[in-house]
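# Chains, contacts and geometry: an overview
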Amino acid sequence: MGAVEDRRRTRIVDRQFQLGLAVRLLLVLAILFAIGLLLAFAPSYYVLATKNDLKSLEPAAAEFLVLHKRLLPAALLSLAGIFLYAIFFSHRIAGPLYRINAILRALIEDRDPPVVKFRDDDYFQPTAALLKELSEKLRASRRTASARPGGNPPPGDAK
């Protein structure tokens, strides 16, 4: 039981799923952020690329430098925050999936499944209730089967 408690304290339960989700989310948001940066820098870049007079170049260059100093650090900080949020968010999905897999493994190996317990903030609460009901039903049927002498089939099953 101690291993389960230790497992619950870690934020990365299913490394492949959680890191994959975080990286995909980060990639999509980085692409969207890059498009936003292009749109923010486009007017200044257009003026710098097409104009020749210093009167129009100076404000465009100053705006370009200000945006560069402010937006890029903000982008890096935002992307790091999004990555960490994805890890914490995916924990609410990966934890229940880990427990569901443990129950299914126990059922496949013909063992009594562990007690189904999800954290209050986990997703898949209805699935937890169904698995708990299934586990209790299997335990009850195994108790009645082992209580019968000689392991005879229940009445009505003999042909």
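Just so it is clear, the model here is predicted, and its values are computed rather than measured.

### Some words on the packing of aromatic side chains
- Tallied over the full model, the rule gives two aromatic pairs.
- On the numbers, 5.8 Å between centres and 70° between planes, the contact of Phe 89 with Tyr 123 is edge-to-face. Pair noted here: Phe 89 is in helix 3 (residues 54-108) and Tyr 123 is in the loop between helix 3 and helix 4 (125-147), with a separation of 34 residues, a long-range link.
- Owing to a relative accessible area of 26%, Phe 89 belongs among the partly exposed residues under this scheme.
- Taking relative accessible area as the criterion, Tyr 123 reaches 32% and is therefore assigned partly exposed.
- Taken together, Tyr 85, Phe 89 and Tyr 123 form an aromatic cluster joined through their ring pairs.
- A cation over an aromatic ring shows up here: Arg 92 above the ring of Tyr 123, its NZ or CZ 4.5 Å from the ring centre.

### As for the packing of helix 3 against helix 4
- Interaxial distance between helix 3 and helix 4 falls to 11 Å at its minimum, and their mutual angle equals 20°. For the element pair helix 3 / helix 4, the angle class is roughly parallel. Crossing angle aside, the handedness with which helix 3 passes helix 4 is left-handed. Taking contact as the criterion, the partners of Ile 100, Ile 103 and Leu 107 in helix 3 are, on helix 4, Thr 127, Leu 131, Leu 134, Ser 135 and Leu 138.
- Across the contact of helix 3 with helix 4, the residue classes break down as six nonpolar, two polar and no charged.

### Looking at the side chain of Arg 119
- If you trace the backbone, Arg 119 turns up in the loop between helix 3 and helix 4.
- Exposure remark for Arg 119: the relative accessible area of 18% places this residue in the buried category.
- A polar contact is formed between the side chain of Arg 119 and the backbone oxygen of His 91, at a distance of 3.3 Å.

### Overview of the pattern of salt bridges
- Counting across every chain of the model gives three salt bridges.
- Put simply, Arg 99 and Asp 122 hold a salt bridge, and the shortest N to O gap is 3.6 Å. Of this pair, Arg 99 sits in helix 3 while Asp 122 sits in the loop between helix 3 and helix 4, and the two are 23 residues apart along the sequence. Residue Arg 99 shares its accessibility class with Asp 122, and that shared class is buried.
- Salt-bridge contacts for Arg 119 lead to Asp 122; the nearest nitrogen and oxygen are separated by 2.8 Å. Accessibility classification places Arg 119 together with Asp 122 in one group, the buried group.

Quick notes on the rules
- Residues numbered from 1 in each chain as written.
- Predicted model: local features only at pLDDT ≥ 70, side-chain atom pairs only at ≥ 80, totals over all residues.
- Heavy atoms only, no water.
- Phe/Tyr/Trp six-rings, centres within 6.5 Å; stacked < 30°, edge-to-face > 60°.
- Helix = DSSP H or I, 4+ residues; strand = E, 2+ residues; numbered from the N terminus.
- Buried < 20%, exposed > 50% of the residue type's maximum accessible area, 1.4 Å probe, protein only.
- Lys NZ or Arg CZ within 6 Å of the ring centre and 35° of its normal.
- Axes fitted to C-alpha atoms, helices over the stretch in contact; angles between N-to-C directions.
- Parallel < 35°, antiparallel > 145°, perpendicular 65-115°, else oblique.
- Left-handed = near helix turned anticlockwise from the far one by under 90°.
- Contact = heavy atoms within 4.5 Å.
- Nonpolar A, V, L, I, M, F, W, Y, C, P; charged D, E, K, R; others polar.
- Polar contact = N/O pair within 3.5 Å; in protein donor to acceptor, adjacent residues only side chain to side chain.
- Salt bridge = Lys/Arg side-chain N within 4 Å of Asp/Glu carboxyl O.

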